[in-house]
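Listed below are the residues making up each chain.
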Amino acid sequence: MNTVTRAQLAEAVYANVGLSRNESAALLETVLERMSAALEAGEAVKISAFGTFLVRQKGQRIGRNPKTGVEVPILPRKVLSFRPSQVLKARINHEPVEAGEE
Amino acid sequence: MTKSELIAHLAGANPHLRQPDVELIVSTIFEEITAALARGDRVELRGFGAFSTKARDPRTGRNPRTGETVEVSAKSVPYFKPGKELRERINKGATSPARRAPARATA
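Our subject in this report is the structure included herewith. These numbers come from a predicted model, not from an experiment.

Take the overall build of chain B next. Counting its secondary structure elements, chain B contains 3 helices and 5 strands. Reading chain B from its N terminus to its C terminus gives the helix and strand order α-α-β-β-β-β-β-α. When each of the 107 residues of chain B is scored for burial, the buried share is 36%. In chain B, once contacts between residues fewer than 6 apart in sequence are set aside, the share between residues at least 24 apart is 30%. Summing over all exposed atoms, chain B offers an accessible surface of approximately 6700 Å²; the carbon and sulfur share of this is 50%.

Next comes the structure, spelled out in structure tokens:
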């Protein structure tokens, strides 16, 4: 299993769009930063044919240190969840994408 | 924020780029991630998060409407694990859950 990183994504932008490598990398960074900023503001990020990133508020609950058994409150927090679109799920399983879905 | 709003933001911040190029940039990024996951690869974007796939075993499911049993074959599902930096950004000020926007529809 290979790991794809920023470098390969920037390279794909470079190959497809015909901008410089530097600018391609900077644009990728802008995209990630804009998505992060929206999520930080509590906004959901919906990318059609890919999926939705959304921030969920979790309430306080009592947790337990599994090693010591000591109960500790887990404070209210926000978590990020990603809901893949039907299209992405189908692509990953090499299935045809059903018509009418995002 | 939707993909088109993301494209609009990128276009606004880069007035020297043509709109079709901006669209191509954004679609290339998500297409590359999708293609990598379809190959079984993992995509790691430090500070943002990592996309991977998880294998699901075959199981016997049930059609909730008819009650019929159906065999669900093994499959892979996409998974995203937010990076440390993004998790921290999302959580800053989380102790004051002042939500002025109406609750988003959860689906």
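All names here are of chain B. Mapped onto the elements, D57 comes out in the loop between β2 (49–56) and β3 (59–62). Here D57 falls in the exposed class, since its relative accessible area comes to 65%. In the structure, D57 is positioned 34 residues away from N91 in sequence and 34 Å away in space, judged by C-alpha atoms.

Turning to the interface of chain A and chain B, a few remarks are in order. Often the size quoted for an interface is simply the accessible area lost on bringing the parts together. Facing the 50 residues of chain A at the interface are 50 residues of chain B. Interface area, chain A with chain B, both sides summed: about 5000 Å², of which 66% is carbon and sulfur. Across the chain A-chain B interface, the total number found is 4 salt bridges. One salt bridge connects R89 of chain B with E33 of chain A, and the closest N-O pair in it is separated by 2.9 Å. Viewed at the interface, chain B and chain A are joined by 19 residue pairs in polar contact (both at pLDDT 80 or more).

Residues and elements named next belong to chain B. The N-to-C vectors of helix α1 (residues 3–13) and helix α2 (residues 19–38) enclose an angle of 125°; their axes lie 9 Å apart at closest approach. Looking at the two axes, α1 sits oblique to α2. With respect to the hand of their crossing, α1 and α2 are arranged in right-handed fashion. Residues K3, L6, I7, L10 and A11 of α1 touch α2, and the partners they reach there are Q19, V22, E23, I25, V26 and F30. The residue makeup of the contact of α1 with α2, split by class, is 8 nonpolar, 1 polar and 2 charged.

Below, the discussion takes up the sheet that holds strand β1 (residues 42–45) of chain B. Pairing is mixed across the open sheet formed by 4 strands, whose spatial order is β1(A)-β1(B)-β2(B)-β5(B). Unpaired on one side and paired on the other, β1 (3–4) of chain A together with β5 (75–82) of chain B mark the two borders of the sheet. Pairing of β1 of chain B with β2 of chain B, which is carried by 3 bridges, proceeds in the antiparallel orientation. Bridging across to β2 of chain B, L45 of chain B finds its partner in G49 of chain B. Against the sheet, helix α1 (residues 6–17) of chain A contacts β1 of chain A together with β1 of chain B, and its axis sits at roughly 95° relative to β1 of chain B.

The next thing to look at is helix α2 (residues 21–40) of chain A. Residue and element names in this part refer to chain A. For α2, with 20 residues, the first-to-last C-alpha span of 28 Å sits near the 28 Å given by 1.5 Å per residue. Buried within α2 we find S24, L27, L28, V31, L32, M35, S36, A38 and L39. Trailing α2 by a residue or two, G42 shows a phi angle of about 85°, which is positive.

With that out of the way, let us pick up the sheet that holds strand β6 (residues 77–84) of chain A. Here 3 strands make up an open sheet; going across it, the order is β2-β3-β6 (chain A) and the pairing antiparallel. What marks the edges here is a single partner per strand, and that holds for β2 (45–47) and β6 of chain A. The average undirected angle you get between the axes of adjacent strands in this sheet is 25°. Bridge count between β2 of chain A and strand β3 (residues 51–58) of chain A: 3 bridges; the pairing is antiparallel. Within β3 of chain A, the position partnered with V45 of chain A by the bridge is F53 of chain A. Contacts from helix α3 (residues 84–91) of chain B reach β3 and β6 of chain A within the one sheet, and its direction differs from that of β6 of chain A by about 125°.

Thresholds applied
- Residues numbered from 1 in each chain as written.
- Chains lettered and ligands numbered in written order.
- Predicted model: local features only at pLDDT ≥ 70, side-chain atom pairs only at ≥ 80, totals over all residues.
- Heavy atoms only, no water.
- Helix = DSSP H or I, 4+ residues; strand = E, 2+ residues; numbered from the N terminus.
- Buried < 20%, exposed > 50% of the residue type's maximum accessible area, 1.4 Å probe, protein only.
- Contact = heavy atoms within 4.5 Å.
- Areas by Shrake-Rupley, 256 points an atom, 1.4 Å probe, with all protein chains shown as cover.
- Buried area = accessible area lost by both parts, 1.4 Å probe.
- Salt bridge = Lys/Arg side-chain N within 4 Å of Asp/Glu carboxyl O.
- Polar contact = N/O pair within 3.5 Å; in protein donor to acceptor, adjacent residues only side chain to side chain.
- Axes fitted to C-alpha atoms, helices over the stretch in contact; angles between N-to-C directions.
- Parallel < 35°, antiparallel > 145°, perpendicular 65-115°, else oblique.
- Left-handed = near helix turned anticlockwise from the far one by under 90°.
- Nonpolar A, V, L, I, M, F, W, Y, C, P; charged D, E, K, R; others polar.
- Pairing = 2+ DSSP bridges.
- Expected span 1.5 Å × (residues − 1).

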